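Per-entry structural report
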Amino acid sequence: MEHSVALVDDHHLMRNGLTTTVNGFGVYQVVIEAGHGGELVEAIELLRKVGQPLPRIAIVDLNMPVMDGYATITWLKANAPEVLPLALTMDSADTVVARAVHLGARGFLLKTVRPAVLKLALDSLVLTGYYYSDKVGEAMRSNAVGHANQLRDQKDIRSGITAREMEFLQLVCDPSEPTYEQIADRMGISRRTVENHRVALFEKFGIKSKAGMVLFAVRWGLVDPKAG
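Residues numbered from 1 in each chain as written. Predicted model: local features only at pLDDT ≥ 70, side-chain atom pairs only at ≥ 80, totals over all residues. Heavy atoms only, no water.

**What to know about the overall build of the protein**
Summing up its helical and strand segments, the protein has 11 helices and 6 strands in all. Long-range contacts, defined as pairs at least 24 residues apart, comprise 65% of the intrachain contacts of the protein with a sequence gap of at least 6. As displayed, the protein offers around 10800 Å² of accessible surface, 53% of which is attributable to carbon and sulfur atoms. (Helix = DSSP H or I, 4+ residues; strand = E, 2+ residues; numbered from the N terminus. Contact = heavy atoms within 4.5 Å. Areas by Shrake-Rupley, 256 points an atom, 1.4 Å probe, with all protein chains shown as cover.)

Set out below in structure tokens:
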């Protein structure tokens, strides 16, 4: 059984190369190629108009003109949640990962990965609904579910977080991406106290990065991913 894929990247050579690679896997077929998010939206709406199924996965470059990857992922989450977005980028910074995950990316892949890793990402999305790449993979998997797997449910998780830690966590997940210094100002506390909140959450739930905090909070329903 072939799984349909949409490719959204403004670089023609990159998009053509990805199409050849994805189709070469044998079990995936690129059905949409788009140069930016707006073209993807048009293609999806056309598929709906003619009664055709939507692609299972959308590989979305984060840096594009007209409608970038962040806006595209946001649109997919709100309008085509059956399409699983795989964020594609050259930048593995925590803030980039955190923003993509917060907006609804189901996976995160660096453009420098080998074809075998791309196939692993696609396979993981089909099987589990999620994939996170080499640099952030193990860290984010443990960040999101590592220690939290030992807790029974969301109620248990919430009970392990103080009111001030929850306030800190919600500010970390704010789409405006405030720095820790700005969070300290908003909370009316010192930068050192902010650091104490960060360390406490890291230790309680096996979190290892700012991106991991965002993923943890979104996946356990501690913040609203549509907020902001």
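**Remarks on the packing of helix H8 (residues 163–172) against helix H9 (residues 180–187)**
Relative orientation of the contacting elements H8 and H9 amounts to 130 degrees, with a least axis distance of 10 Å. When the interaxial angle is binned, H8 and H9 end up oblique. Handedness of the crossing formed by H8 with H9: right-handed. Facing H8, whose interface residues are Arg164, Glu167, Phe168, Leu171 and Val172, H9 presents Tyr180, Ile183, Arg186 and Met187. When its residues are assigned to classes, the contact of H8 with H9 shows 6 nonpolar, no polar and 3 charged. (Axes fitted to C-alpha atoms, helices over the stretch in contact; angles between N-to-C directions. Parallel < 35°, antiparallel > 145°, perpendicular 65-115°, else oblique. Left-handed = near helix turned anticlockwise from the far one by under 90°. Nonpolar A, V, L, I, M, F, W, Y, C, P; charged D, E, K, R; others polar.)

**Considerations on the nonpolar core**
With 41 residues, the main nonpolar core has Phe168, Leu169, Met213 and Leu222 as its most contacted residues. For this core, the elements supplying multiple residues, two or more each, are helix H3 (69–79), helix H4 (94–103), strand S5 (107–110), H8, H9, helix H10 (191–205) and helix H11 (210–219). The element that contributes the greatest number of residues to this core is H11, accounting for 7 residues. What Phe168 contacts, discounting residues up to four positions off in sequence, is Tyr180, Ile183, Met187, Val194, His197, Arg198, Leu201 and Met213. Leu18, Leu84, Leu86 and Ala121 belong to the second largest nonpolar core, which has 20 residues in total. (Core = buried A, V, L, I, M, F, W, Y, C linked by side-chain atoms within 4.5 Å. Buried < 20%, exposed > 50% of the residue type's maximum accessible area, 1.4 Å probe, protein only.)

**A word on the confidence of the model for the protein**
When the pLDDT values of the protein are averaged, the result is 84; 86% of them are 70 or greater. Taken together, the stretch residues 137–152 has pLDDT below 50 and engages in 36 contacts with residues farther than four places along the chain or on a different chain. (pLDDT = per-residue confidence, 0-100.)

**Quick notes on the pattern of salt bridges**
In the structure shown here, the tally under the stated rule is 11 salt bridges. A salt bridge links Arg48 to Glu45; the nearest nitrogen and oxygen atoms lie 4.0 Å apart. Taken together, the residues Arg48 and Glu45, both in helix H2 (residues 37–49) and 3 residues apart, mark about one turn of the helix. Two residues, Lys119 and Asp123, come together in a salt bridge whose shortest N-O distance is 2.8 Å. (Salt bridge = Lys/Arg side-chain N within 4 Å of Asp/Glu carboxyl O.)

**Quick notes on unusual backbone geometry**
Even without being a glycine, Val66 presents a positive backbone phi close to 65 degrees. By secondary structure assignment, the location of Val66 is in the loop between strand S3 (57–61) and H3. Among the residues examined, Val66 registers a relative accessible area of 74% and is labelled exposed.

**Observations concerning the environment of Leu171**
Residue placement: Leu171 occurs in helix H8. Judged by its relative accessible area of 13%, Leu171 is buried. Leu171 sits 15 residues away from Arg186 along the chain, and the two C-alpha atoms are 8.7 Å apart. When neighbours within four sequence positions are excluded, Leu171 is seen to be in contact with Pro178, Ile183, Arg186 and Met187.

**As for H9**
Since one α-helical turn is 3.6 residues long, residues separated by three or four positions face the same way. Taken residue by residue, H9 has Tyr180, Ile183, Ala184 and Met187 as its buried positions. Seen end-on, H9 carries its buried residues on one side only, within an arc spanning 105 degrees. At the exit of H9 stands Gly188, carrying a positive phi of roughly 70 degrees. (Arc of directions from axis to C-beta.)

**Brief notes about the side chain of Arg198**
Position of Arg198 relative to the elements: it lies in helix H10. Under the relative-accessibility criterion, Arg198 is labelled buried at 18%. Excluding its chain neighbours within four sequence positions, the residues that come into contact with Arg198 are Phe168, Tyr180 and Met213.

**Here we look at the pairing of S3**
For S3, the tally of buried residues reaches 5 of 5 residues, placing the bulk of the element in the interior. Pairing of strand S1 (residues 3–8) with S3, which is carried by 4 bridges, proceeds in the parallel orientation. Across the sheet, the residue bridging to Val8 is Val60, located in S3. Bridge analysis of S3 against strand S4 (residues 84–89) gives 5 bridges, and the strand direction is parallel. Across the sheet, the residue bridging to Ile59 is Leu86, located in S4. Read from S3 through H3 to S4, the crossover connection turns out right-handed. (Pairing = 2+ DSSP bridges. Right-handed = clockwise from strand over helix to strand, strands pointing away.)

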